[in-house]
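One-letter residues, chain by chain:
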Amino acid sequence: LVTGDASAFMHELLDEVQIIADEAGVTIERDITPGITLTYDQNKMREVIMNLASNAIKYRDDSKHERFVKFTTTETDEAHICSIEDNGIGIATEDLPHIFEHFYRVKGANTVKGTGLGLAVVHELVAFAGGTITADSTIGTGTTFTMTFPKTNYEAAVKRVQAMQ
């Protein structure tokens, strides 16, 4: 675990994501609140962000002239919040309740490589850090994943992880 500027780390991760996005013709947009200080596991944060980013890029809608993935971080008195929004193909309403299950693949995803484990792992890593993740999506419009880390739960999770090390 490292205590530091999570906002700066997010920009570093998004610089890496930009390389993949450029190849796919996807624009990366950033609205990162500066100076968010956290105690966090850089490897786990990298895995969460990279998984969500790569999914957003993989499931882009090539019929759209402008394709984007927008990363937003905010901080309130109660929580740290990170959202990843795209204007990709979207996820059907009937699939949404299952996307965080192990090996679940949404209908029509057969043309995109994957195991159905990525979002399950993301869900577990976010939960382990004391947070929650939700998805909102509309077919043909896109998807938004929102991770919320209540500050009280987050501090308890950090203590749990430190005790294990």
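Values in this document were obtained by computation on a predicted structure and should not be read as measured data.

(A) Structural detail: the overall build of the protein. A tally of regular secondary structure across the protein gives four helices and seven strands. Mapped in sequence order, the helices and strands of the protein form the string β-α-β-β-α-β-β-α-β-β-α. Here the protein has a C-alpha radius of gyration of 16 Å; the compact-globule value for 165 residues is 15 Å, and the two agree. Each principal axis of the C-alpha atoms in the protein carries an extent, and together these give about 45 × 30 × 25 Å. Pairs at least 24 apart in sequence give 68% of the contacts found in the protein among residues at least 6 apart. Summed over its atoms, the accessible surface of the protein is roughly 8,900 Å², and 53% of this surface lies on carbon and sulfur atoms.

(B) Summary view of the pattern of salt bridges. For the coordinates displayed, the defined rule picks out seven salt bridges. A salt bridge links E16 to R46; its shortest N-O distance comes to 2.7 Å. Here the residue E16 occupies a position in helix 1 (residues 6–24), and R46 occupies one in helix 2 (residues 42–58), the gap between them amounting to 30 residues. When its relative accessible area of 35% is taken as the criterion, E16 is described as partly exposed. Linking K151 and E75 is a salt bridge whose minimum nitrogen-to-oxygen distance equals 3.3 Å. With K151 in helix 4 (residues 151–164) and E75 in strand 4 (residues 67–75), this residue pair connects regions lying 76 residues apart in the sequence. Within this structure, R60, D62 and R67 form a network of salt bridges that share partners.

(C) Molecular detail of the packing of aromatic side chains. Taken as a whole and judged by the stated rule, the model has two aromatic pairs. Judged by centre distance (5.6 Å) and plane angle (40 degrees), the rings of F9 and Y40 are tilted. Of this pair, F9 sits in helix 1 while Y40 is found in strand 3 (residues 37–40), placing the two residues 31 residues apart along the sequence. For the pair F9 and Y40, one class covers both residues: buried. Both rings, one in F100 and one in F145, keep their centres 6.2 Å apart while their planes meet at 70 degrees; by these two values the pair is edge-to-face. With F100 in the loop between strand 5 (79–86) and helix 3 (118–128) and F145 in strand 7 (residues 142–150), the pair connects residues that are 45 residues apart, well separated along the chain.

Thresholds, definitions, all that
- Residues numbered from 1 in each chain as written.
- Predicted model: local features only at pLDDT ≥ 70, side-chain atom pairs only at ≥ 80, totals over all residues.
- Heavy atoms only, no water.
- Helix = DSSP H or I, 4+ residues; strand = E, 2+ residues; numbered from the N terminus.
- Rg over C-alpha atoms; globule rule 2.2 N^0.38 Å.
- Contact = heavy atoms within 4.5 Å.
- Areas by Shrake-Rupley, 256 points an atom, 1.4 Å probe, with all protein chains shown as cover.
- Salt bridge = Lys/Arg side-chain N within 4 Å of Asp/Glu carboxyl O.
- Buried < 20%, exposed > 50% of the residue type's maximum accessible area, 1.4 Å probe, protein only.
- Phe/Tyr/Trp six-rings, centres within 6.5 Å; stacked < 30°, edge-to-face > 60°.

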